[in-house]
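Now for the letters of each chain:
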Amino acid sequence: MKSKSWLDLKPLKNQDGNIEYFEDYYNRIKLKTEFSHIPKGVFEQWLWAHHDKEESKTNYGWLNYENIEFQICSWPTNQFSNIYILDSYREYYKLRSSYNDLNKFCCTKIDLNHWEQKGTWRTPPIILDIMSLNKEIPKWCELIPPFQLVEGHSRLGYLHSMVTIDTLGKEKIAPKHDIFLMKINRNNF
């Protein structure tokens, strides 16, 4: 069952089935005050881009996004070992975790330069704090505490590769990494 807010966040499609351009989507959605607390980066990398993906609808479509907050947090590298990866993305993530050189990263030149110069990702991934959910998780969801990666499977894989690359002395990994921490906003209840 999908929440009303999830349905309200759906990108529009034309008669050919193509979704609206991101800027059109964002300009339309940001006018809705109930979603003004959601950062643009969350819309762009996940809510707009992956709204129709089965994994997004099944696992996150039941949440009320009027009561979800997204905080920018900075986590130390070792904190990323407690993040659950959905079964359907696990092999993809493992492949990206297996590299021992930056030239294996499949990303834009801007992102690759950021990894090389900063030792971290340019765009924070989205991580759900499962423990913040105050109601029973539906049986059909694949949500495993304490934290779950919502979006950013390549980035999280590359972070784990950066640990290896740093250990080999090829590049330096940053000590902390920004994320969008997604959780229930208890002040809205």
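Structure's up top.
The rules we used
- Residues numbered from 1 in each chain as written.
- Predicted model: local features only at pLDDT ≥ 70, side-chain atom pairs only at ≥ 80, totals over all residues.
- Heavy atoms only, no water.
- Core = buried A, V, L, I, M, F, W, Y, C linked by side-chain atoms within 4.5 Å.
- Buried < 20%, exposed > 50% of the residue type's maximum accessible area, 1.4 Å probe, protein only.
- Helix = DSSP H or I, 4+ residues; strand = E, 2+ residues; numbered from the N terminus.
- Contact = heavy atoms within 4.5 Å.
- Expected span 1.5 Å × (residues − 1).
- Salt bridge = Lys/Arg side-chain N within 4 Å of Asp/Glu carboxyl O.
- Pairing = 2+ DSSP bridges.
- Axes fitted to C-alpha atoms, helices over the stretch in contact; angles between N-to-C directions.
- Phe/Tyr/Trp six-rings, centres within 6.5 Å; stacked < 30°, edge-to-face > 60°.

Asks: What exactly am I supposed to notice about the nonpolar core here?
Replies: Formed by 30 residues in total, the largest nonpolar core has its most connected members in F43, W46, L47, Y60, Y65 and M182. Among the elements of the structure, α2 (22–29), α3 (40–47), β1 (68–76), β3 (126–129) and β5 (176–184) are those that each provide at least two residues to this core. Excluding residues within four positions of it along the chain, F43 makes contact with L9, F22, Y25, Y26, I29, F35, I38, W48 and A49. If you look at the next biggest cluster of nonpolar residues, it comprises 22 residues, including W115, F147, L156 and Y158.

Asks: I tried to follow helix α7 (residues 153–167) on my own but got confused; where do I start?
Replies: Turn by turn, an α-helix covers 3.6 residues, leaving residues three or four places apart pointing in a common direction. For α7, spanning 15 residues, the distance from its first C-alpha to its last is 22 Å, which sits close to the expected 21 Å at 1.5 Å a residue. Among all positions of α7, only H153, S154, R155, L156, G157, Y158, L159, S161, M162 and I165 are buried. Lining the buried residues of α7 we find α3, β2 (83–84), α5 (87–97), α6 (109–118), β4 (147–151) and β5.

Asks: Explain the pattern of salt bridges to me, please; I cannot follow it from the model alone.
Replies: Oppositely charged side chains can pair when the atoms bearing their charge come close. On inspection of all chains with the given rule, the structure shows eleven salt bridges. The closest approach of N and O atoms between K57 and E54, which form a salt bridge, is 3.6 Å. Pair noted here: K57 and E54 are both in helix α4 (residues 54–60), with a separation of three residues, about one helical turn. Connected through salt bridges with shared partners, the residues K10, K13 and D52 form a single ionic network.

Asks: Is there a simple way to think about the environment of Q117 in this case?
Replies: Along the chain, Q117 falls in helix α6. As a C-alpha pair, Q117 and K135 span 18 residues in sequence and 42 Å in three-dimensional space.

Asks: When you look at the sheet that holds β3 in this model, what are you seeing that I'm missing?
Replies: In a beta sheet, neighbouring strands pair by backbone hydrogen bonds and run either parallel or antiparallel. Sheet architecture is open: five strands sit in the order β1-β5-β3-β4-β2, paired in mixed fashion. The open sheet terminates on both sides in strands that have one partner only, identified here as β1 and β2. Here four bridges tie β3 to β4, and the two strands are oriented antiparallel to one another. In the strand pairing of β4, D129 is matched with F147. Against the sheet, α3 makes contact with β1, β3, β4 and β5, and its axis sits at roughly 85° relative to β5, the strand it touches most.

Asks: What is the right way to look at the packing of aromatic side chains in this model?
Replies: Centre-to-centre distance and the angle between the planes together describe a pair of aromatic rings. Overall, the coordinates contain 18 aromatic pairs when judged by the stated rule. When the centroid spacing of 5.4 Å and the interplanar angle of 65° are considered together, the rings of F22 and W48 count as edge-to-face. Note that F22 is positioned in helix α2 and W48 in the loop between α3 and α4, a separation of 26 residues in sequence. Using a relative accessible area of 7% as the deciding quantity, one classes F22 as buried.

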